[in-house]
Amino acid sequence: MKVFAVRGKFENKFGESIMSDKPEYFIDENGLRLDGRRTDEIRPMTMEMGVLSRADGSCYLEWGNNKVIAAVYGPRELHPRRLQRPSEVLVRYRYNMAAFSVEDRIRPGPSRRSTEISKVSGEAFEPVVMTQYYPGAVIDVFAEVLQADAGTRTAAINAATLALADAGIPMKGLVAACAVGKVDGQLVLDLNKPEDNYGDADLPVAMTQDGEITLLQMDGNLTHEEFIKAMEMVKKGCDQIFELQRKTLISRFGSEDDVEALEGSIETEPEEEEAEELSEEEVPSEKEDVSDTGDNAEDVDDSGEKFKEDVADFDEQRESGSDEEDKTSDEDVKDEEDEASDEDVKGEEDEQ
Ligand code: UDP
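The structure presented is a predicted model; accordingly, all values stated were derived computationally and were not measured.

What counts and what doesn't
Numbers given for residues are sequential positions, taken from 1 along each chain in its written order. Given that the model is predicted, a residue must reach a pLDDT of at least 70 before its local features are reported, and side-chain atom pairs must reach 80 or more before they are shown or counted; all residues, however, enter totals for whole chains, interfaces and linings. Each helix is a run of DSSP H or I of at least 4 residues and each strand a run of E of at least 2, with the numbering of both proceeding from the N terminus. The contact criterion used is a C-beta to C-beta distance within 7 Å, with each C-beta placed from the backbone. In this analysis, strands are considered paired if DSSP registers two or more bridges between them. Think of each axis as a best-fit line through the C-alpha atoms, taken over the contacting stretch in the case of a helix, with angles from 0 to 180 degrees between the N-to-C directions. Whether a residue is buried, exposed or partly exposed follows from its count of other C-beta atoms within 10 Å of its own C-beta, namely 20 or more, 12 or fewer, or something in between, respectively; the C-beta atoms are built from the backbone. The criterion for a residue being near a molecule or strand is a backbone-placed C-beta atom within 6 Å of that molecule or strand. The span expected for a helix works out to 1.5 Å for each residue beyond the first. By convention the crossing between two helices is left-handed if the near helix lies anticlockwise of the far one by an angle smaller than a right angle, and right-handed if it lies clockwise.

Caption draft 1: View of the overall build of the protein chain. When helices and strands are counted, the protein chain shows 10 helices and 12 strands. The long-range share in the protein chain, meaning contacts at least 24 apart out of those at least 6 apart in sequence, stands at 66%.

Below is the structure:
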């Protein structure tokens, strides 16, 4: 397909003036976009789970020209202790773009954009992760963008969902994410880079399998009617992604029966009172249901047992130990080190 472009200085959505090729149009006379897709079509997506041996769970995802890897560590004890949540696990999410992931090298380290994306993406998992099972612990999710071509926050969420499942984290269901936007006065699903950079609107959305919206951001303007239609389009896009995630789970964990068992074990959430009554012995069995279907069942089970023991030791120490004893414990030394290093990092950021 012949694409006309105007070479010149344009202000991109980040307010930077850049030399770029702004397409003359985004949708041709046949209703096809610059990359040949229809307006309601998502880019080809492939996902592979269990790609990192040192992470508890991982997933590599390619979506169009986006390449993203997600790694999950935990649940593990959270240091410094003051960050611990007494009745639930803390889910920490870090989104990062590699310096080489875009045409113009990105300055390494956290930025305002990555901090914002990390915050809202972590929150996108709140309704599905069954946080009551690991009080005081942390689950770390790292999403690394290796190659970016618009829609990286949504790509990262799709990969992170499967990395969490790969780690055997009890979840009520999956989360899928996709963006919708507007170019040439028409709504388009899953924006590519020119559509994202020069389009009239960009609306990334994440949702659960029940259609509960867990992330919604918007750049640009849409009318009320356009917004309603955009949400319908994005729902269809997310449904396709759920199907791809389901297939990836099948290829990771074996047969369709296994995945049904997996979904069965993660779908139902105990009533609030029931959850409180759950003894720690019952927790790993939830995890076993999930991990038994995987190739790395043994590894995950071991870590579950180990975690249970760690938590028991930790509780025992907390109950029996006085403040003075606590101060001399290794864990507190580690706490202080962690706090010191937190401050160092903050200091460095401030300097920057
Ligand atoms: N981008 C870039 N430099 C940046 C940030 C983003 O070139 O510092 C590009 C990158 O390709 C990204 C796209 O702009 O995928 C759109 O960025 P946006 O902030 O909309 O996030 P995304 O759509 O990737 O979630």
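Next, the rest of the story.
Caption draft 2: Representation of the sheet that holds strand S3 (residues 45-49). The sheet built from 5 strands is open, its strands ordered S3-S4-S5-S7-S6 with mixed pairing. Where the open sheet ends on each side, the last strands, each with one partner, are S3 and strand S6 (90-97). Averaged over all neighbouring strand pairs, the angle between strand axes comes to 15°, with direction disregarded. Where S6 lies against strand S7 (residues 137-147), 8 bridges are found, and the strand directions are parallel. Paired with Leu-90 across the bridge in S7 is Val-138.

Caption draft 3: Region of interest: the environment of Asp-149. Its place among the elements puts Asp-149 in the loop between S7 and helix H2 (152-166). For Asp-149, a count of 22 C-beta atoms within 10 Å corresponds to the buried category. For the pair formed by Asp-149 and Lys-193, sequence separation is 44 residues and the distance between their alpha carbons is 5.2 Å. Beyond its immediate stretch of four places on either side in the chain, Asp-149 contacts Gly-64, Asn-65, Asn-66, Asn-192 and Lys-193.

Caption draft 4: Structural view of the site of the ligand. Val-102, Ile-106, Ala-148, Asp-149, Ala-150, Gly-151, Thr-152, Arg-153, Lys-193, Asp-196, Asp-202 and Pro-204 make up every residue found near the ligand. The set of elements that each furnish at least two residues to the shell around the ligand consists of H2, helix H3 (193-198) and strand S10 (201-208).

Caption draft 5: A look at the environment of Thr-248. Secondary-structure assignment places Thr-248 in helix H4 (residues 224-253). A residue is classified by how many C-beta atoms lie within 10 Å of it, and Thr-248, with 23 of them, is buried. When the C-alpha positions of Thr-248 and Glu-48 are compared, they lie 6.7 Å apart, and in sequence the two are 200 residues distant. Excluding residues within four positions of it along the chain, Thr-248 makes contact with Met-47, Met-49 and Leu-162.

Caption draft 6: Layout of H4. For H4, spanning 30 residues, the distance from its first C-alpha to its last is 43 Å, which sits close to the expected 44 Å at 1.5 Å a residue. Of the residues making up H4, those classed as buried are Ala-230, Met-233, Val-234, Gly-237, Cys-238, Ile-241, Gln-245, Thr-248, Leu-249, Arg-252 and Phe-253. A positive backbone phi angle near 110° is found at Gly-254, which sits one or two residues after H4.

Caption draft 7: Region of the structure containing the pairing of S7. Here strand S5 (residues 66-77) runs beside S7; their pairing, made up of 9 bridges, is antiparallel. Of the residues in S7, the one forming a bridge with Lys-67 is Gln-147.

Caption draft 8: Fine view of unusual backbone geometry. Pro-75 follows Gly-74 through a cis peptide bond whose omega is 5°. Within the secondary structure layout, Pro-75 lies in strand S5. Even without being glycine, Asp-184 reaches a positive phi, approximately 45°. By the secondary structure assignment, Asp-184 is in the loop between strand S8 (175-183) and strand S9 (186-189).

Caption draft 9: Seen up close, the packing of H2 against H4. Interaxial distance between H2 and H4 falls to 11 Å at its minimum, and their mutual angle equals 35°. Along this stretch, H2 crosses H4, giving a crossing that reads as right-handed. Across the interface between the two elements, Asn-158, Thr-161, Leu-162, Ala-165 and Asp-166 of H2 pack against Ile-241, Gln-245, Thr-248, Leu-249 and Arg-252 of H4.

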